[in-house]
Amino acid sequence: METDCTRGEAPVNHAPIGPIGPLAALPAGTRLLHIGPHKTGTTAIQGALFAARDKFPRHGVEFPATTRHPMEAALAACARPAMMGDTLPTEKHWTRLLKQVEATGSRTSVISSEFFADAPDDETAARIVRQLGGDRVHVLVTLRPIVRIMPSQWQQYVQNGLRMGYEDWLDHMLRKAPYEKPNPSFWHRHRHDRLVERWSRAVGTDRITVIVVDDRDRDGLLRTFEALLGLPEKLLQPVPDAANRSLTLAETEMLRKLNVEFRGNGLPDELYSKLIRNGAVMHMKNTCSPAAGDVKIRTPDWAVEAAARIGAEMVARIDAMGVRVVGDPALLSAVPEQPKPATGEARIAPEVAAHALYGALAAAAAAPVRHTAEAKARAVHQTSSKELVRVLGRRCLKRLRRR
C-alpha cells in the first residue's frame, strides 16, 4: 500500500485533530501516563516536557519527575532488568516517583517513559494504574510504522550488546516463530495492537489515546501533548539531543563486532556499561554527526512488505477496540521510500573511530588502574592476549566498583 508519505512531500503543519474534530484537553486533575513504546518520539517529548516544566504550574499542570526520563522508576514498576551492566533499579525508585505524583494533588500531571510498555502482563499494568491514581489515569500510546522502527530498534539493541547482523535479526523477528530470539522485548513492545489492548484492560477504552506519529510533521507530537494537557500552543519546544541520535550502519557494525570480541573474551557486563555504551558510544554520538555520504541501514524489500502486512493487521485490531486514535492510522501500514542500495561498503571514518576510542579511554581514565601483585607475577609478553584482556578488564572493573 502506498500513501502520501511515500512521495516525499513537504512536512505538514496543523493543529491536532481527534476523530470528531479539534483535540480537547483532558479533564483537570488527569494523570497522563505516556508509555511509549520505544522509537516513537519518546526522547523528543521527554526533553520538551522537562525543559518547559517550570512553566507548567501557571497552567494547572505538573511534571512530577525530577529527571527528564524516570527510567529507573519505570523499570522497577515493571520488574524489568536494567540495560546491560547498569545497576538494577529498586522499588525505592518507583516509590519516589509515586510520592512525587501524589504531591501534585488535584492538578494535572504527566509522566513519560517508554519502559512502561515493557509491563509484562495485565496484572502489572493494572497495578501501575492503580498506584498512580486509578480513575485519574489516562494512558497515552505513541505509534510509528514498524518498518521505520525496525532499523532504529536493531541498532539500539546493538548498543546493549547484540551481536547479530541486521538481516539475520530481521529473519529471526519476522520469519522464525515464535519470533522471540534474540530480543523477546521487540514484539512485546511493538505488536502495538496487543500493547493497546493490554493497557485498555487496565484503564478502559475511554481512558486511552493512541497517537499515530507523522514523521512529516516534526512538531505535531509536541502540539498534541499541548492540546491534551491544556497548555498554550508552542509552549513545548524541541530540545536538541545528540546523544539520542541513531548510529550509522558503519558505526553500528563497528560496535557489533566489538560486542563479538567483548563476549568472546568473557568480560563483565558492568565494564561494557561503563566503557563501551557510556564511554565510547556516548562520546562518538556527542562529537560526530552522520555525514551525507554515510551508508544508511537499509531494510530489505521482503521485510518491508512483511512489516506493512503486520501494520495493517494492527490497525484493524486497534480500530475494532474503539479507543481514541489521533492521526492517520493508514501510516502504520504504509510502505515508506527506502534508501537506495549502497554502492560502496559501509566504512567508519578514522576520526569517528578515534572519538569512540577516546570515549572509552576517558571513561577508563576516570577510574585509573593501579599495578597489583598479579600484574608483577608475569611479564606482559608471557601472557596470552585473551588472558591479558580478561585481567585488564577485571582490574578496571574493581577500580570502577570502588569509585
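Quick caveat: nothing in here was measured; it's all calculated off a predicted structure.

Engineer: What is the right way to look at the pattern of salt bridges in this model?
Structural biologist: It is possible for side chains bearing opposite charge to pair when their charged atoms get close. What the rule picks out here adds up to 21 salt bridges. For Asp171, the salt bridge is made with Arg175, and the minimal N-O distance between the two is 3.4 Å. Of the two residues, Asp171 and Arg175 both sit in helix 6 (residues 166–175), four residues apart, roughly one turn of that helix. Taking the relative accessible area as the measure of exposure, Asp171 reaches 18% and is therefore buried.

Engineer: Explain the side chain of Ser152 here, please?
Structural biologist: Structurally, Ser152 is set in helix 5 (residues 146–158). A residue is classified by how much of its surface remains accessible, and Ser152, at 17% relative accessible area, is buried. For Ser152, the contacting residues outside a window of four places in its chain are Lys39 and Ser246.

Engineer: Sorry if this is basic, but what is going on with the sheet that holds strand 4 (residues 61–62) here?
Structural biologist: Two strands in a sheet stick together by hydrogen bonds in their backbones, pointing the same way (parallel) or opposite ways (antiparallel). Strands sit in the order 4-5-3-6-7-8 across an open sheet of six strands; the sheet is parallel. Two strands lie at the open edges of the sheet, namely strand 4 and strand 8 (324–326), each paired on one side alone. Here five bridges tie strand 6 (residues 137–143) to strand 7 (residues 208–212), and the two strands are oriented parallel to one another. The residue bridging Leu143 from the neighbouring strand is Val212, located in strand 7. Against the sheet, helix 8 (residues 192–203) touches strand 3 (31–34), strand 6 and strand 7, its axis set at about 175 degrees to strand 6.

Engineer: Sorry, what's going on with the nonpolar core here?
Structural biologist: Nonpolar side chains in soluble globular proteins tend to be buried together. Formed by 66 residues in total, the largest nonpolar core has its most connected members in Leu33, Trp94, Phe116 and Trp199. When neighbours within four sequence positions are excluded, Phe116 is seen to be in contact with Leu33, His34, Ile35, Ala74, Ala77, Cys78, Trp94, Ile111, Ile128 and Trp199. Counting 42 residues, the second-largest nonpolar core is a separate cluster that includes Phe262, Tyr272, Ala280 and Ala306.

Engineer: I keep staring at the confidence of the model for the protein chain and nothing clicks. Help me out?
Structural biologist: Interpreting fine coordinate detail is not advised for predicted regions of low pLDDT. Mean pLDDT over the protein chain works out to 87, with 84% of the residues at or above the 70 mark. Here residues 1–14 is a poorly scored stretch, pLDDT under 50, and it has 22 contacts once near neighbours within four places are set aside; other chains count. Between residues 368–385, whose pLDDT stays under 50, and residues either more than four places distant or in other chains, the model counts 13 contacts.

Engineer: What am I meant to see in unusual backbone geometry here?
Structural biologist: Backbone phi values are negative for most residues with the exception of glycine, while trans is the configuration of most peptide bonds. Cis geometry marks the peptide bond from Gly36 to Pro37; its omega dihedral reads 10 degrees. As for its placement among the helices and strands, Pro37 is situated in the loop between strand 3 and helix 1 (42–51). Cis geometry marks the peptide bond from Lys181 to Pro182, where omega comes out at 5 degrees. In this structure, Ala79 is a non-glycine residue whose phi angle is positive, near 55 degrees. The exposure class of Ala79 is exposed, given its relative accessible area of 65%. At Tyr179, a position not held by glycine, the phi torsion is positive, near 60 degrees.

Engineer: Explain the packing of aromatic side chains here, please?
Structural biologist: The description of two aromatic rings rests on the distance between their centres and on the angle between their planes. The full count for this structure, using the stated rule, is eight aromatic pairs. Seen from their ring centres, Trp94 and Phe116 are 6.0 Å apart, and the 65 degrees between their planes marks the pair as edge-to-face. Within this pair, whereas Trp94 is found in helix 3 (residues 91–102), its partner Phe116 is found in the loop between strand 5 (108–112) and helix 4 (122–132), the two being separated by 22 residues in sequence. Across the pair, Phe116 and Trp94 agree in class, each one buried. Here Trp169 and Phe186 contribute two aromatic rings whose centre-to-centre distance is 5.2 Å and whose plane-to-plane angle is 80 degrees, an arrangement assigned as edge-to-face. In this pair, Trp169 is assigned in helix 6 and Phe186 in helix 7 (residues 185–190), connecting sequence segments 17 residues apart. Among the residues examined, Phe186 registers a relative accessible area of 0% and is labelled buried. Every member of this aromatic cluster is reached through a ring pair, and the members are Trp154, Tyr157, Tyr166, Trp169, Phe186 and Trp187. Positioned over the ring face of Phe50 is Arg53, at 3.7 Å from the centre of the ring.

Conventions adopted
- Residues numbered from 1 in each chain as written.
- Predicted model: local features only at pLDDT ≥ 70, side-chain atom pairs only at ≥ 80, totals over all residues.
- Heavy atoms only, no water.
- Salt bridge = Lys/Arg side-chain N within 4 Å of Asp/Glu carboxyl O.
- Helix = DSSP H or I, 4+ residues; strand = E, 2+ residues; numbered from the N terminus.
- Buried < 20%, exposed > 50% of the residue type's maximum accessible area, 1.4 Å probe, protein only.
- Contact = heavy atoms within 4.5 Å.
- Pairing = 2+ DSSP bridges.
- Axes fitted to C-alpha atoms, helices over the stretch in contact; angles between N-to-C directions.
- Core = buried A, V, L, I, M, F, W, Y, C linked by side-chain atoms within 4.5 Å.
- pLDDT = per-residue confidence, 0-100.
- Phe/Tyr/Trp six-rings, centres within 6.5 Å; stacked < 30°, edge-to-face > 60°.
- Lys NZ or Arg CZ within 6 Å of the ring centre and 35° of its normal.

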